[in-house]
Structures are given as structure tokens and as C-alpha cells.
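Chain by chain, the residues:
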Amino acid sequence: MLYDIAIVGGGPAGCSAAVTAANRSLGTLLLDTGDFGLALRKSHLVKNYLGLPDRSGVELMDAFTAHMKAAGTTVVPHKVLSIMPREKSFFLATPGDVYEARSVILCPGAAHGKPLEGETALLGKGVSYCATCDGFLYRGKTIGVVTNLPSAWEEVEFLAGLAAEVKLWADFSLSEEKPANVTVMAGKPRKILGEGKAEALETTAGTEPLDGLFLLRETDPLDRLLPGLRLDGPFIRVDGNLATSVPGVFAAGDAAGYPWQINKAAGEGQKALLSAAFWLRENPV
């Protein structure tokens, strides 16, 4: 199926864009890890969201997602691994499928913190961002998983079914019930070690030998998402209409720069959608 617009990310910007798209009767697909606005959900109290003061981040995000889903948006609860431009559309690859849309709005949020030392050099050499894609390479081996996504537990269980041992570093509460070969590790990850291949993870609690390491995050490095996407430092470069360097692709929210504010993200989501709608009218199939 060819969608008019694919929205990458289900935080305030993505939900805002989806609601506006529905109001304009555009065929819209929203792709998110399934956590929907994880950064906002960690906020204990939000005092400055217009009309809804003194709400928790969870309450606000639940309201945003409920509005977005009630509008009829098609939601795919998977992370987008890559986007490939075609002549008049884009392919968006997830761990389980590939989707096609005429235009794209990028609202993946911003990566909080820097990549681990050694991550970039060893990506594809024992370091992976996708359990479904690469898990089979580590059948019967010892692997590590670093994640901040509660929704990634399903992937941890998938990896546990393949690997001999899974060493897990997670920054959220875990159920007491877990596969016997999953060990919850202490310490904070600092550096990936290896000569030409990931061999160990150095943490504040010591160094753990590994055959492979999976980094399961809400937001992966943006420069690997879409060929030709230009960045300004850690952010996606946009113009006054929130258009990126790739025709037909727009960006909004934290990924498009400071300030990291909910009001700004929601407004940009709407603006990016209006810009995308205009672009679709000017570039018919």
C-alpha cells in the first residue's frame, strides 16, 4: 500500500502531525517503537503545556496517543531502521516489514547523550541496532543488550531464545520473570572494546566479554537513517518550512533542534504536516 505520508516517531510532534493529517484526509502511517514519547513519559510533572497544566508526562502522552489513534491513524509499533528514497516515494524498513509513502515526516526525538565510545567504528562488526535482523548471527553465543526501551523486552526474549547467554543493561524496572539465560548486569556502559570486532563492553562496574552487542534505543544515530539527510550537529537541518535536505522529507520536534519543549514539538508537528501536504499537491504521482 502506498501511503501519502509516513510519520517516524510517536511523540508530541508525531501525534500532532498525525491528527492534522487525518483532518486533511491524507493516508497516513505512524511508526514508533511502541513506547510513544518515552522522554516525555519520564517527566514527573509538566506545568507549562497550554490548557493542561500540572499533568504528568504519562498523562499527557496518553492523551496525545489516544487523540492520534481516535483520528484513525494506522500505527506500526516498530522502529524504522532505514529509509530509502525512490523516484516518487520512499521505502521505510522496520525489523518486520517494509512500507512505502510519498512523503516522510521525521519526528524520532533526539538522542540524549553521546554514542558509546567504539560504537560507530564497530557498528556492523559485532554491534547492532536490530535484534530481529542480526540475532541469528549469535546462535549459541554470549551477547550483551543495552536498552532504555521497555518495549524492547520482547526483543530481549527473542535474543535469549538464540544465544547461550544474554547480559542485559537496562535503565527501567524489569519483571522478576525472565529467561534463565538472561542476567541483569550492574554498572553503566561506557566503551565497546575490540580490534575490528566487538569483543567486550566496559562499564562502571567492570569489563564484560561478549561475542556481540545489541543497542536497542528509541533513537538511533540520525546520519544512518536516510541517505542525503544533512545534519546541524546532532539535529536534522531544516528550513523555515521544516523541509530537510531530501525533497519530500520534513522534520519536527526534538530532532529538529532546541528548545526541547512539548509546545514547540506539537506546533512543529502540525507545521511539518502542512508543509508536506503542500509538497504532495505540488508533486503529484
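The name given to the protein chain in an unreviewed UniProt entry is FAD-dependent pyridine nucleotide-disulphide oxidoreductase, with the source organism recorded as Acidaminococcus fermentans.

Visitor: Explain the overall build of the protein chain to me, please; I cannot follow it from the model alone.
Guide: When you go through the protein chain residue by residue, the secondary structure sums to seven helices and 17 strands. Projecting the C-alpha coordinates of the protein chain onto the three principal axes gives extents of approximately 55 × 45 × 35 Å. The 285 residues of the protein chain split such that 48% are buried. Long-range contacts, defined here as pairs at least 24 residues apart, represent 57% of the contacts in the protein chain between residues at least 6 apart. Mean positive and mean negative side-chain charge positions of the protein chain (27 and 32 charges, respectively) differ by 4 Å.

Visitor: Honestly, a nonpolar patch on the surface in this entry has me stumped. Any pointers?
Guide: Side chains of M84, F91 and V98 sit close together on the surface and give an oily, nonpolar patch of about 260 Å² of accessible area. By the secondary structure assignment, F91 is in strand β5 (residues 90-93).

Visitor: Looking at this structure, I do not really get the domain arrangement of the protein chain. What am I missing?
Guide: In many reports, interface size means the accessible area that the parts give up when they come together. With domains assigned, the protein chain is organised as domain 1 (2-112 + 219-282) and domain 2 (119-216). The distance between the C-alpha centroids of domain 1 and domain 2 comes to 28 Å. At the boundary of domain 1 with domain 2, total buried surface from both sides reaches about 890 Å², with 59% on carbon and sulfur atoms. Looking only at domain 1, the three residues that lose the most surface to domain 2 are D35, P95 and R224, adding up to 41% of its buried area. Across the domain 1-domain 2 interface, the total number found is zero salt bridges. Where domain 1 touches domain 2, the interface holds two residue pairs in polar contact (both at pLDDT 80 or more).

Visitor: Just to check I follow, could you spell out the sheet that holds strand β14 (residues 212-216) for this structure?
Guide: Either a parallel or an antiparallel arrangement is found when strands of a sheet pair, and the pairing is made through backbone hydrogen bonds. Sheet architecture is open: five strands sit in the order β7-β14-β8-β9-β10, paired in parallel fashion. The open sheet has two edge strands with one neighbour each: β7 (127-128) and β10 (182-184). Bridge count between strand β8 (residues 142-147) and β14: five bridges; the pairing is parallel. Each residue of the ladder has a partner; that of T147, found in β14, is L216.

Visitor: What am I meant to see in the state of the cysteines here?
Guide: One covalent bond between the sulfur atoms of two cysteine residues makes up a disulfide. Tallying each qualifying case throughout the model produces one disulfide. What pairs with C130 in a disulfide is C133, and their sulfur atoms sit 2.2 Å apart. With the S-S bond torsion at 70°, the cross-link from C130 to C133 turns out right-handed. The closest cysteine sulfur to the non-disulfide-bonded C15 is located on C107, 9.2 Å from its own sulfur. By relative accessible area, C15 is classed as buried at 3%. When its relative accessible area of 6% is taken as the criterion, C107 is described as buried.

Visitor: In this structure, what is going on with the nonpolar core? I would like to understand it.
Guide: Generally speaking, soluble globular proteins have nonpolar side chains that are buried together. Of all hydrophobic cores here, the largest spans 30 residues; its most connected members are I7, F64 and I105. The set of elements that each furnish at least two residues to this core consists of β1 (2-8), α1 (12-23), α3 (57-70) and α7 (262-282). Residue contributions to this core peak at seven residues, all from α7. Once residues lying within four places of it in the same chain are set aside, the contact partners of I105 are I5, A6, I7, V8, A17, F250, A272, L273 and A276. Core analysis: the second largest hydrophobic core is formed by 23 residues, L106, L225, V249 and A251 among them.

Visitor: Got a minute to help me understand the environment of G161 in this structure?
Guide: You can see G161 is positioned in the loop between α6 (153-160) and β9 (165-170). Classification of G161 by relative accessible area gives exposed; the value is 65%. Each C-alpha atom of the pair G161 and G135 lies 9.5 Å from the other, and the pair is 26 residues apart in sequence.

Visitor: What am I meant to see in the packing of aromatic side chains here?
Guide: Two descriptors summarise a pair of aromatic rings, namely the distance from one centre to the other and the angle between the planes of the rings. Tallied over the entire structure, the rule returns five aromatic pairs. Between Y258 and W260, the aromatic rings sit 5.1 Å apart at their centres with planes inclined by 45°, giving tilted as the arrangement. The partly exposed category is assigned to W260, whose relative accessible area is 32%. A network of ring pairs unites the aromatic residues F235, Y258 and W260 as a single cluster.

Visitor: Looking at this structure, how should I read the environment of I5?
Guide: Tracing the chain through its elements places I5 in strand β1. In this structure the C-alpha to C-alpha distance between I5 and A251, which are 246 residues apart in sequence, comes to 12 Å. Residues in contact with I5, not counting those within four places in the same chain, are L26, G27, T28, L29, A101, S103, I105, L273, A276 and L280.

Basis of the calculations
- Residues numbered from 1 in each chain as written.
- Predicted model: local features only at pLDDT ≥ 70, side-chain atom pairs only at ≥ 80, totals over all residues.
- Heavy atoms only, no water.
- Helix = DSSP H or I, 4+ residues; strand = E, 2+ residues; numbered from the N terminus.
- Buried < 20%, exposed > 50% of the residue type's maximum accessible area, 1.4 Å probe, protein only.
- Contact = heavy atoms within 4.5 Å.
- Lys, Arg positive; Asp, Glu negative; His and termini not counted.
- Charge placed at Lys NZ, Arg CZ, Asp CG, Glu CD.
- Patch = residues over 30% accessible without salt bridge, like charges linked within 9 Å, V, L, I, M, F, W, Y side chains within 5 Å.
- Areas by Shrake-Rupley, 256 points an atom, 1.4 Å probe, with all protein chains shown as cover.
- Salt bridge = Lys/Arg side-chain N within 4 Å of Asp/Glu carboxyl O.
- Domains from an automatic or database assignment.
- Buried area = accessible area lost by both parts, 1.4 Å probe.
- Polar contact = N/O pair within 3.5 Å; in protein donor to acceptor, adjacent residues only side chain to side chain.
- Pairing = 2+ DSSP bridges.
- Disulfide = S-S within 2.5 Å.
- Core = buried A, V, L, I, M, F, W, Y, C linked by side-chain atoms within 4.5 Å.
- Phe/Tyr/Trp six-rings, centres within 6.5 Å; stacked < 30°, edge-to-face > 60°.

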